[in-house]
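Read off the chains here:
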Amino acid sequence: MGSTVPRSASVLLLLLLLLQAEQPRGAELTFELPDNAKQCFHEEVEQGVKFSLDYQVITGGHYDVDCYVEDPQGNTIYRETKKQYDSFTYRAEVKGIYQFCFSNEFSTFSHKTVYFDFQVGDEPPILPDMGNRVTALTQMESACVTIHEALKTVIDSQTHYRLREAQDRARAEDLNSRVSYWSIGETIALFVVSFSQVLLLKSFFTEKRPISRAVHS
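Residues numbered from 1 in each chain as written. Predicted model: local features only at pLDDT ≥ 70, side-chain atom pairs only at ≥ 80, totals over all residues. Heavy atoms only, no water.

**What to know about the overall build of the chain**
Right, on to step 1. Scanning the chain from N- to C-terminus turns up two helices and eight strands.
Right, on to step 2. Secondary structure of the chain in N-to-C order comes out as α-β-β-β-β-β-β-β-β-α.
Right, on to step 3. As presented, the chain carries roughly 15,700 Å² of accessible surface, and 57% of it is formed by carbon and sulfur atoms. (Helix = DSSP H or I, 4+ residues; strand = E, 2+ residues; numbered from the N terminus. Areas by Shrake-Rupley, 256 points an atom, 1.4 Å probe, with all protein chains shown as cover.)

**Side note on the UniProt feature "transmembrane region" (unreviewed entry) in the chain**
Right, on to step 1. The feature "transmembrane region" (unreviewed entry), as annotated in UniProt, sits at residues 179-201 in this numbering.
Right, on to step 2. Secondary structure over residues 179-201 splits into 100% helix and 0% strand, and the C-alpha atoms at its two ends are 33 Å apart. (UniProt positions renumbered as here; feature names shortened; annotations may be inferred.)

**Considering the side chain of S110**
Right, on to step 1. By secondary structure assignment, the location of S110 is in the loop between β7 (96-103) and β8 (112-120).
Right, on to step 2. At a separation of 2.8 Å, a polar atom in the side chain of S110 contacts the side chain of S107.
Right, on to step 3. Contacts of S110, omitting those with residues within four sequence positions, involve D35, G61 and N104. (Polar contact = N/O pair within 3.5 Å; in protein donor to acceptor, adjacent residues only side chain to side chain. Contact = heavy atoms within 4.5 Å.)

**Focus on the confidence of the model for the chain**
Right, on to step 1. Looking at the chain as a whole, the pLDDT averages 80, with 77% of positions reaching at least 70.
Right, on to step 2. Model confidence for the chain, summarised as mean pLDDT per element, is weakest for helix α1 (residues 4-20) at 52 and strongest for strand β4 (residues 65-70) at 95.
Right, on to step 3. Below a pLDDT of 50 lies the segment residues 1-5, which in the model reaches zero contacts outside its immediate sequence neighbourhood of four places, other chains included. (pLDDT = per-residue confidence, 0-100.)

**A few points about the packing of aromatic side chains**
Right, on to step 1. Scanning the model with the defined rule gives 18 aromatic pairs in all.
Right, on to step 2. Ring geometry for F51 versus Y98: centroids 5.2 Å apart, planes at 55°, classification tilted. Pair noted here: F51 is in strand β3 (residues 50-59) and Y98 is in strand β7, with a separation of 47 residues, a long-range link. Per residue, the accessibility class of F51 equals that of Y98, and both read buried.
Right, on to step 3. Geometrically, the ring pair formed by Y55 and F102 is edge-to-face, given 5.5 Å between the ring centres and 70° between the ring planes. One end of the pair, Y55, is in strand β3; the other, F102, is in strand β7, and 47 residues separate them in sequence. Across this residue pair, the class does not change: Y55 and F102 are buried. (Phe/Tyr/Trp six-rings, centres within 6.5 Å; stacked < 30°, edge-to-face > 60°. Buried < 20%, exposed > 50% of the residue type's maximum accessible area, 1.4 Å probe, protein only.)

**Remarks on unusual backbone geometry**
Right, on to step 1. Despite not being glycine, Y63 shows a phi value in the positive range, around 60°.
Right, on to step 2. With respect to the secondary-structure elements, Y63 resides in the loop between β3 and β4.
Right, on to step 3. Y63 gets classed as buried once you look at its relative accessible area, which sits at 14%.
Right, on to step 4. Of note, K82 is a non-glycine position whose phi angle comes to about 50°, a positive value.
Right, on to step 5. Inspection of the secondary structure assignment puts K82 in strand β5 (residues 76-83).

**Focus on the pattern of salt bridges**
Close approach of charged atoms lets side chains of opposite charge pair.
Right, on to step 1. In total, this model carries five salt bridges according to the counting rule given.
Right, on to step 2. With a closest N to O distance of 3.2 Å, K112 and D64 form a salt bridge. A residue pair is termed long-range when its members are at least 10 positions apart, and K112 in strand β8 and D64 in the loop between β3 and β4 qualify at 48 residues. There is no split in this pair, since K112 and D64 are both buried.
Right, on to step 3. Residue D174 is joined to R178 by a salt bridge in which the shortest nitrogen-to-oxygen separation is 3.2 Å. (Salt bridge = Lys/Arg side-chain N within 4 Å of Asp/Glu carboxyl O.)

**Describing the pairing of β3**
The side chains of a regular strand alternate, first on one face of the sheet and then on the other.
Right, on to step 1. Among the ten residues that make up β3, eight are buried, leaving the element largely enclosed by the rest of the structure.
Right, on to step 2. Sheet analysis places β3 next to strand β6 (residues 85-91), joined by seven bridges and oriented antiparallel. Of the residues in β6, the one forming a bridge with S52 is T89. (Pairing = 2+ DSSP bridges.)

**A word on the side chain of S103**
Right, on to step 1. Topologically, S103 is positioned in strand β7.
Right, on to step 2. Under the relative-accessibility criterion, S103 is labelled buried at 5%.
Right, on to step 3. Looking at S103, its side chain comes within polar contact range of the side chain of E105, at 3.2 Å.

**Concerning the sheet that holds strand β2 (residues 38-45)**
Right, on to step 1. Taken together, the four strands give an open sheet; going across it, the order is β2-β7-β4-β5, and neighbouring strands pair in antiparallel fashion. Strands at the two margins of the open sheet, each flanked by one partner only, are β2 and β5. Strand-to-strand twist of the sheet, defined as the mean angle between neighbouring strand axes without regard to direction, takes the value 10°.
Right, on to step 2. Pairing of β2 with β7 involves eight bridges; the strand directions are antiparallel. In the sheet register, E43 faces β7, and the bridge partner there is Y98. (Axes fitted to C-alpha atoms, helices over the stretch in contact; angles between N-to-C directions.)

Have a look at this one:
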């Protein structure tokens, strides 16, 4: 009984540290990108602050999209064409509004579904003065850091598998539609061929009567 209370207090403190751990500012979004269209997003970033962009095309066409990032002065700091997925990290040299755009202007008939994750800032330490301390971490602090890293890995894995599931579901639905249309076409062709064969066989057994013409004098 004597060791139960300290252990409970340690677990409670561990949970509080994990809940109070700050996260970098950012946005995570999945959106539709029509054909011959471009979609841009804007985010204000302070000078010297790092930001990262991860994106992936979930559905549509060849699963590719054009992407570029511009700084507040209009300079292009990142540009890729017809990419299925990619990551970009940059530390802002000037303060202002940064713009990142996704373009599907090269496609004439297929729209895309695009996922992106835009994060601004470095992740702060989950423990106070963790970066400046010279002493070793206690057992509880080490467990807290380990659990925090494991939770981040779980979140990344969930995002990855969620995107893969959405992509595979879209491919399965597209394949199912093609199979359905092919089956309908085969059914119609079979009906036409069967009807034509019936008419052809009927013509073989139809008695042709001679046409008598009356001759008028």
